[in-house]
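# Examination of the molecular architecture
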Amino acid sequence: MQQGPYPFTDSARSTQGRVLVPELRSRRQDPRRPVDWGLTDTVADRLARIVERHGPDAVAFYISGQLLTEDYYVFNKLAKGLLGTNNIDTNSRLCMSSAVTGYKLAFGADGPPTCYEDPEHAKTVLFAGSNAAYAHPVLFRRLEEAKARDPGVRWIVVDPRRTDTAAMADLHLAIQPGTDVALFNGMLHHLMWEGLLDEAFIAAHTTGFADLKQLLRDYTPRMAAEICGVPAQDLVTAAEWFGRSPAALSLYCMGLNQSAHGTDKNLALIHLHLTTRQLGRPGAGPFSLTGQPNAMGGREVGGMATMLAAHREITDEDHRAEVEALWKLAPGSLSGKPGLAAVELFEAVRAGKVKAVWIACTNPVHSMPDIGQAREALQRAEYVVVQEAFADTDTVPYADALLPASTWGEKDGTVTNSERRISRVRAAVPAAGRVCGRTGGSCARSRAGSRRDWARRAPSRCSGPTRRQRSSRSIARSRSAATWTSVGWITHGWRTRVRSSGRSRPADRRGRRAATPMACSPPPMAARASMPRHTGRWPSRPRRAIRCA
């Protein structure tokens, strides 16, 4: 194909490897055959029969942090509002659930109290389990520019490996894998011993500090350093730089999240910010970096098994009633039972409890922690629907129904990034094939349909625990972006870093801290293995936690 002046656009127009028409098969041993969109009604019929025979929880949806927020919303409404099952989860569970749980335990809501302006104001930057130079290059360029302007800015990198980011650090703490909690507790012990905590702030705006203080007695810098396998002086230096900094920012990613004890690691790092008041001002705060473009957007509209739209809780009767009114459902229609999270979902498919699974925009046979279990589950499933743009993914061979999907360059809608900024996405090229049921359709949903979806979900975002800054209509019609309010309250400690009059806070207006002991000793190292095996990406349940009050 001859390339024009914009080779990336030409690449986006390529149909090589694309799923261009729907494909169905009636029996697992038969090959799929191309069909017209009209015949895909059989997908709904199959799902309806399974629900009739086995109940709504026999159906599950596994979706993706790479969907647009409108896509998330429609899937969420289909599963919870129409079919009556909360078995809808996302691959964001594998990477962000520990960060979500940490924020909710510490601040009462799932939202970082930081923004992308903060790297330019930070005087100390702590990278924890994040090779930002490789994984977040755009953000890292801003950090590099800030450090070039002010050579006094210090970088601390916590990573067992000498990554590209670690090679540029002022201090590299090459800890033993799995010892992050001991490191952060040891740093906090030193800060407490040296009187570098903000006692007035702790007393006025946090709860649970007494329990944490008792726990920290055992985490002397020397003991913590021995657990972590780093020099005690380096641990003390990191604590001093962090605690005495005019603005300390932490950037953390999958090295903390993808762990059997990821929630504890997140909380232990957040404790450093709460006790030293390193948040609520430019350049300071705990900033969880997401790995997918719209993991936050999905959480906004309840696209997970444990939540409803606008960060409402499935188990809260009042929250369910609000969503039922919004969706014009009869009272009591929504189930109060949390659905199956990602790993549990595939375990249930494998065990025969879930009969049908609809997979959209993700490749679980390649990305699940236990790939063998995912394969076995899809082989045993009664019915598998895969909604995918490309034909050669590892999951496509298991599909009984393969539905073509549009890609990012062909879609129209919105996304929300790590700092809660909502951006408008517009289609750059027409969709390939028949993703709309007609050749060359513009996208799976027209622009008008996209705006209608936004208008429907906007009330759910504006009226819940988190509120948006600008109206849905202005975003849908504009090319601009807007942010929804940070976890923060102006008169009670945090000054929100987002220009918004909305507030989001725990009921008692206090942040929580959870005491985070080492959950277990680090895994033993085999003589022939330079690194321990991955533990499977799952958030831990902290035994005790201190929270911000």
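Look up a bit, the structure's there.
Notes on the structure in this doc start here. Model, not experiment: these values are computed from the prediction. (Residues numbered from 1 in each chain as written. Predicted model: local features only at pLDDT ≥ 70, side-chain atom pairs only at ≥ 80, totals over all residues. Heavy atoms only, no water.)

Looking only at helices and strands, one finds 21 helices and 20 strands in the protein chain. A buried classification covers 55% of the 549 residues belonging to the protein chain. Counting contacts in the protein chain only where the partners sit at least 6 residues apart, residues at least 24 apart contribute 72% of the total. With the model as given, the accessible surface of the protein chain reaches about 22,700 Å², and the carbon-plus-sulfur share is 51%. (Helix = DSSP H or I, 4+ residues; strand = E, 2+ residues; numbered from the N terminus. Buried < 20%, exposed > 50% of the residue type's maximum accessible area, 1.4 Å probe, protein only. Contact = heavy atoms within 4.5 Å. Areas by Shrake-Rupley, 256 points an atom, 1.4 Å probe, with all protein chains shown as cover.)

Secondary-structure assignment places valine 384 in strand β14 (residues 383-388). Measuring from C-alpha to C-alpha, the distance between valine 384 and isoleucine 359 comes to 7.7 Å, with 25 residues separating the pair along the chain. Excluding residues within four positions of it along the chain, valine 384 makes contact with Arg28, Val357, Ile359, Leu378, Tyr398, Ala399, Asp400 and Ala401.

A complete count under the given rule lists 22 salt bridges for this structure. Across the pair glutamate 410 and arginine 18 runs a salt bridge, and its minimum N-O distance is 2.9 Å. Linking glutamate 410 in the loop between β15 (401-404) and β16 (413-416) with arginine 18 in the loop between α1 (7-13) and β1 (23-24), this pair joins segments that are 392 residues apart in sequence. Neither residue differs from the other here; glutamate 410 and arginine 18 are each classed as buried. Salt-bridge contacts for arginine 312 lead to glutamate 322; the nearest nitrogen and oxygen are separated by 2.6 Å. (Salt bridge = Lys/Arg side-chain N within 4 Å of Asp/Glu carboxyl O.)

Two elements in contact, helix α8 (residues 180-193) and helix α11 (residues 221-228), have axes separated by 8 Å at closest approach and are oriented at 165°. The orientation of α8 with respect to α11, classified from their angle, is roughly antiparallel. Crossing handedness for the pair α8 and α11: left-handed. Contact residues: Ala182, Leu183, Gly186, His189 and His190 in α8; Pro221, Ala224, Ile227 and Cys228 in α11. Residues of the contact of α8 with α11, tallied by class, amount to 6 nonpolar, 3 polar and no charged. (Axes fitted to C-alpha atoms, helices over the stretch in contact; angles between N-to-C directions. Parallel < 35°, antiparallel > 145°, perpendicular 65-115°, else oblique. Left-handed = near helix turned anticlockwise from the far one by under 90°. Nonpolar A, V, L, I, M, F, W, Y, C, P; charged D, E, K, R; others polar.)

Along β14, 5 of the 6 residues are buried, which leaves the element largely enclosed by surrounding structure. Strand direction decides the pairing type here: strand β13 (residues 356-360) and β14, joined by 5 bridges, are parallel. Bridge pairing links valine 357 to valine 384 in β14. (Pairing = 2+ DSSP bridges.)

Moving on to the sheet that holds β13. With mixed pairing, the 7 strands of this open sheet are ordered in space as β2-β1-β15-β14-β13-β3-β4. Looking at which strands have only one partner, the edges of the open sheet turn out to be β2 (33-34) and β4 (88-90). The pairing of strand β3 (residues 59-63) with β13 spans 4 bridges and is parallel. Following the sheet pairing, alanine 60 is matched in β13 by valine 357. Packing of helix α2 (residues 41-54) onto the sheet brings it into contact with β1, β3, β13, β14 and β15, and relative to β14 it is tilted by some 140°.

Positive phi values are uncommon outside glycine, yet lysine 328 reaches one of about 60°. You can see lysine 328 is positioned in the loop between α16 (317-326) and α17 (342-351). Within the chain, arginine 420 stands out as a residue other than glycine whose phi angle is a positive 75°. Structurally, arginine 420 can be placed in the loop between β16 and β17 (421-425).

This part is about the nonpolar core. Most often, soluble globular proteins have nonpolar side chains that are buried together. Within the largest apolar cluster, 46 residues are counted, with the highest numbers of intra-cluster contacts made by Leu173, Leu183, Phe184, Met187, Leu269 and Leu272. Those residues in contact with leucine 272 that lie beyond four places of it in its chain are Phe184, Met187, Leu188, Leu191 and Phe242. Listed in part, the 28 residues of the second largest apolar core include Phe61, Tyr73, Ile314 and Trp327. (Core = buried A, V, L, I, M, F, W, Y, C linked by side-chain atoms within 4.5 Å.)

Next up on the list: the side chain of asparagine 363. Mapped onto the elements, asparagine 363 comes out in the loop between β13 and α18 (364-367). Asparagine 363 gets classed as buried once you look at its relative accessible area, which sits at 18%.

Within the secondary structure, phenylalanine 61 is located in strand β3. Judged by relative accessible area, phenylalanine 61 falls into the buried class, the value being 0%. As a C-alpha pair, phenylalanine 61 and asparagine 86 span 25 residues in sequence and 9.0 Å in three-dimensional space. The residues contacting phenylalanine 61, other than those within four sequence positions of it, are Phe75, Leu78, Ala79, Leu83, Asn87, Ile88, Asp89, Leu345 and Trp358.

All quantities given are derived from atomic positions and should not be read as evidence of function.
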